[in-house]
Amino acid sequence: MPSNTAPSAGHYVADLEETPVGAIDQVDSSQKARSTWSDAWDSMRGRPLFWISAVLIVIIVAVAAFPNLFSHTDPARGCLLPDSNGGPEAGHIFGFTRQGCDVYARVVYGAQASLTVGLLATVIATLVGLVIGALSGYYGGAFDAIASRIGDIFLAIPTVLGAIVLMSVLPVRDPWTVALVLSVFAWPQVARITRGAVLSARNADYVTASIALGVSRFRILVRHVVPNAIAPVIVVATTSLGTFIVAEATLSFLGIGLPPSVMSWGNDIGQARVSVATAPMVLFYPAAALSLTVLSFLMLGDVVRDALDPKARARR
Amino acid sequence: MLWYIGRRLLQLIPVFFGATFLIYFMVFSLPGDPIAALFGDRPPAPGVIEAIREQYHLNEPFIVQYLYYIGGIFTGDLGTTYSGRPVTALLAQAFPVTFRLAMLALAFEAIAGILVGLVAGLRKGKLFDASALVVSLLLISVPTFVLGFVLQYFLAVELGLFRTTAGPGAPIQDLILPALVLASVTFAYIVRLTRASVADNASADFVRTATAKGLPRRRVVTVHILRNSLIPVVTFLGVDIGNLMVGAIVTEGIFNINGVGGAVFQAVIRGEGPTVVSFVAVMVIIYMLANLLVDMIYALLDPRIRYAK
């Protein structure tokens with residue numbers, strides 16, 4: 001503590017209220033360094049919505065991965081026509097479809113197709129969009145011009161419309177092809193967002209510093225620019241998972257997505273449509289399962305966006 | 001501004017050709033022989049198939065077919081369907097119906113969505129806000145076709161408030177229920193967008209200034225908060241016009257409306273290349289023009305954005 005009075009002066013000198021110059025540069029090194037990710041995790045952890053959606057997603061993924069643990073009935077066999085559109089009974093709590101199949105078992109086994117398509121399409125569209133968007137945002141020039149124009153062309157065709165046309169051409173219809181077709185029309189969205197984020201990150205001071213240190217351009221892109229530009233991409237990916245699941249169901253419902261031999265919620269809703277007046281519950285259960293799944297991913301997307309966007313976090 | 005519009009229109013040209021080429025390419029590789037399918041079990045006279053293939057240029061290489069098609073566009077000839085109707089006639093019949101449906105849906109979602117979003121944003125954290133958020137999440141996660149069936153069943157079949165399916169010519173009153181269904185998902189998105197945007201702007205400095213200088217609340221809300229909050233909403237509405245046309249495929253199917261959706265879907269199933277490409281081309285044009293329109297509305301909403309040169 002420095003003395004308040006100058007050594008030779010007899011008069012009082014007031015306390016220094018401003019921060020001493022040296023202290024401005026002092027960083028409290030005892031405190032742990034905080035990354036965006038640990039901040040985000042702290043923010044998500046405190047929200048009930050995160051836990052609700054996380055638990056729902058874990059359950060849905062478990063059902064999709066091991067349907068036989070959740071249903072004793074094999075939905076592919078044991079369909080008896082006398083049971084057609086029958087109401088709930090012991091062992092068959094959701095009743096029977098028009099073909100006399102167990103609705104509960106079909107709902108459980110249908111999760112796999114929906115989730116596979118949703119996850120695959122999200123991964124493919126995100127990876128392709130991320131790579132193309134990052135390269136065109138970072139390097140610019142001819143690659144950027146060509147990639148952006150190609151992206152514009154794909155963006156001008158609405159996803160479901162393009163998917164209907166493309167699906168009608170493909171000889172094979174399985175979760176893989178549906179996912180591929182959906183991502184063909186979805187990647188430019190991700191590319192555009194990545195490109196924007198990379199553009200704003202590539203002129204940051206840490207990039208200049210890396211260049212000054214002699215780090216190679218590609219290494220700067222991978223190690224510094226992409227990690228700092230990836231937050232909006234993750235937000236879009238989480239939300240688009242739900243959209244892809246709806247798109248698959250819509251295609252299957254139109255009869256142009258997964259073939260009827262594949263058990264999926266979209267197919268089941270399409271088939272239940274015929275007898276909606278006599279057996280509305282047959283339509284209700286797969287529709288509810290589909291909506292609940294989409295809802296879980298939407299809620300997770302909301303929480304992730306709030307957590308990764310500091311502006312949103314401050315607002316809340 | 002005129003320069004800007006001109007430049008944007010020029011930029012649309014390559015995108016338009018790219019998109020039609022892409023669709024044409026996909027349709028061209030459709031499996032099966034649509035001509036053989038026309039005749040059923042009895043084989044036609046040997047020369048007939050060849051003559052028809054010649055007429056539709058089916059024997060030419062793909063790129064030549066595409067050029068024939070593009071050439072036709074500039075002379076106002078979009079080809080004929082395989083049953084002999086000109087595609088233009090089909091377009092003229094189907095588009096007005098879907099256009100009416102889409103505009104009705106757009107009006108619903110814009111008016112109701114912005115109103116609900118505005119109120120929710122101004123009362124952030126209150127009961128109305130919370131319930132608006134929950135309802136919008138539910139609307140987004142229930143697929144359109146499910147909502148269509150449910151509303152059709154309860155409102156039309158059970159309660160008899162609406163006609164179950166649209167009558168011939170699809171009069172406006174038969175399109176109200178389909179338009180509500182079509183608008184549902186976007187309505188939810190608009191509520192969420194408007195709410196976030198209004199809540200953001202409500203605490204902005206210019207709003208505080210406006211309040212402090214004694215402007216009536218009504219003026220602060222309409223001129224200062226709402227006008228500034230509408231920019232992201234307008235963007236979304238513009239993009240959504242394309243989605244409405246596509247959503248119509250499902251909605252028109254449920255309510256049996258003879259519009260673009262049904263026509264495109266039938267054409268895809270039958271493998272009618274020229275018909276599919278023409279419909280998609282028109283949809284792509286509408287989509288692109290809507291986006292251009294949105295960029296111009298920006299300038300009206302936000303004086304900071306002016307396309308001088």
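So, a few notes on the structure that sits alongside this text. Counting of residues starts from 1 at the beginning of each chain's written sequence and follows it residue by residue. Whichever chain is written first is A, and whichever ligand is written first is 1; the rest continue in order. For this predicted model, a pLDDT threshold of at least 70 governs which residues receive local features, and a threshold of 80 or more governs which side-chain atom pairs are given and counted, while totals over whole chains, interfaces and linings are taken from all residues. Values shown for side chains rest on all heavy atoms present in the structure; no hydrogens or waters enter the calculation.

This part covers the overall build of chain B. Per the secondary structure count, chain B includes 12 helices and 0 strands. Comment: elements are numbered from the N terminus, with helices defined as DSSP H or I runs of at least four residues and strands as E runs of at least two. Overall, chain B shows an N-to-C arrangement of helices and strands of α-α-α-α-α-α-α-α-α-α-α-α. Counting across all 309 residues of chain B, residues that qualify as buried make up 49%. Summarising the internal contacts of chain B: among those between residues at least 6 apart in sequence, 75% fall at separations of at least 24. Exposure is judged per residue with a 1.4 Å probe applied to protein chains only, and the accessible area is read against the type maximum: over 50% gives exposed, under 20% gives buried, and values in between give partly exposed. Whether two residues touch is decided by their heavy atoms; if any such pair falls within 4.5 Å, the residues are in contact.

This part is about the overall build of chain A. The number of helices and strands found in chain A is 14 helices and 0 strands. In chain A, the succession of α and β elements from N to C terminus is α-α-α-α-α-α-α-α-α-α-α-α-α-α. A buried classification covers 47% of the 316 residues belonging to chain A. In chain A, the proportion of contacts linking residues at least 24 apart, taken out of those at least 6 apart, comes to 68%.

Before going further, it helps to examine the interface of chain B and chain A. In this assembly, 39 residues from chain B lie in contact with 38 residues from chain A. Between chain B and chain A the total buried area reaches about 3400 Å² when both faces are included, carbon and sulfur atoms providing 80% of it. By salt bridge we mean one thing: a side-chain nitrogen of Lys or Arg within 4 Å of a carboxyl oxygen of Asp or Glu. The tally of links from chain B across to chain A stands at 1 salt bridge. Here Asp-302 of chain A makes a salt bridge to Arg-192 of chain B, at a shortest N to O gap of 2.6 Å. Throughout this description, a polar contact denotes any pair of N or O atoms lying within 3.5 Å of each other; where both atoms belong to protein, one of them has to be capable of donating a hydrogen while the other can accept it, and for residues adjacent in sequence the pair is counted only when both atoms sit in side chains. Joining chain B to chain A, the criterion identifies 1 residue pair in polar contact (both at pLDDT 80 or more). Taken together, the elements giving at least two residues each to the side of chain B that touches chain A come down to helix 1 (2–28), helix 6 (127–141), helix 7 (144–158), helix 8 (172–202), helix 10 (217–255), helix 11 (260–270) and helix 12 (273–301) of chain B. Buried area is calculated as the accessible area (1.4 Å probe) missing from two parts once they are joined, with the contributions of both summed.

Our focus in this paragraph is the pattern of salt bridges. Residue and element names in this part refer to chain A. Summed over all chains, the structure comprises 11 salt bridges over all chains. With a closest N to O distance of 3.2 Å, Arg-149 and Asp-152 form a salt bridge. Residue Arg-149 and its partner Asp-152 are both found in helix 6 (residues 141–155); the two are separated by 3 residues, about one turn of the helix. Taking relative accessible area as the criterion, Arg-149 reaches 46% and is therefore assigned partly exposed.

For the rest of this paragraph, the subject is helix 10 (residues 217–229) of chain A. Residues and elements named next belong to chain A. The sharpest bend along helix 10 measures roughly 25° and falls at Arg-223, with the proline Pro-227 sitting one to four residues further on. All of the buried residues along helix 10 are Ile-220, Leu-221, Val-225, Val-226 and Ala-229. On its buried side, helix 10 packs onto helix 5 (103–139), helix 8 (175–201), helix 9 (205–212) and helix 11 (231–253). We define the bend at each residue as the angle formed by axes fitted to the 7 residues ending at it and the 7 residues starting at it.

Only residues above 30% relative accessible area that lack a salt bridge enter a patch, with like-charged residues linked at up to 9 Å and the nonpolar side chains Val, Leu, Ile, Met, Phe, Trp and Tyr linked at up to 5 Å. Reported accessibility uses the Shrake-Rupley method at a 1.4 Å probe radius. Residues are deemed covered only where the shown protein chains occlude them. Judged by side-chain polarity, Phe-21, Phe-25, Ile-63 and Leu-67 of chain B come together as a nonpolar surface patch covering roughly 380 Å² of accessible area. Among the secondary structure elements, those contributing two or more residues to the nonpolar patch are helix 1 and helix 4 (62–74) of chain B.

Let's shift gears to helix 4 of chain B. Residues and elements named next belong to chain B. For helix 4, which comprises 13 residues, the first-to-last C-alpha distance of 19 Å matches the rise-based estimate of 18 Å (1.5 Å per residue) to within 8%. Residues Phe-62, Gln-65, Tyr-66, Tyr-69, Ile-70 and Gly-72 constitute the buried set of helix 4. Relative to the axis of helix 4, the buried residues are bounded by an arc of 155° and lie together on one face. In helix 4, the exposed positions that point more than 90 degrees away from the buried face belong to Leu-67 and Phe-74. Expected helix span is given by 1.5 Å per residue-to-residue step, counting one fewer step than there are residues. Taking the helix axis as origin, the arc is that swept by the directions to the C-beta atoms.

Think of a nonpolar core as a cluster: buried Ala, Val, Leu, Ile, Met, Phe, Trp, Tyr and Cys residues, connected wherever their side-chain atoms sit within 4.5 Å. Core analysis: the largest hydrophobic core is formed by 157 residues, its most contacted members being Leu-182 of chain A together with Phe-145 and Phe-279 of chain B. The element contributing the most residues to this core is helix 10 of chain B, with 18 residues. If we skip the residues at most four places from it in the chain, Phe-279 of chain B touches Leu-90, Leu-91, Ala-94, Phe-95, Val-260, Ala-263 and Val-264 of chain B. Counting 11 residues, the second largest nonpolar core, distinct from the first, contains Tyr-138, Ile-220, Leu-221 and Val-226 of chain A.

Another point: the packing of aromatic side chains. A pair of aromatic rings is counted whenever rings of Phe, Tyr or Trp (Trp by its six-membered ring) have centres within 6.5 Å, and the orientation is called stacked for planes under 30 degrees apart, edge-to-face for over 60 and tilted otherwise. All told, the structure shown has 13 aromatic pairs over all chains when counted by the stated rule. With a centroid separation of 5.0 Å and an interplanar angle of 70°, the aromatic rings of Phe-50 of chain A and Trp-51 of chain A are classed as edge-to-face. Both rings, one in Tyr-189 of chain B and one in Phe-236 of chain B, keep their centres 5.6 Å apart while their planes meet at 45°; by these two values the pair is tilted. Note that Tyr-189 of chain B is positioned in helix 8 and Phe-236 of chain B in helix 10, a separation of 47 residues in sequence. A positively charged side chain is recorded as over a ring if its NZ (Lys) or CZ (Arg) lies within 6 Å of the ring centre. The angle to the ring normal must also be within 35 degrees. One cation-aromatic arrangement involves Arg-217 of chain A over Tyr-138 of chain A; the distance from NZ or CZ to the ring centre is 5.0 Å.

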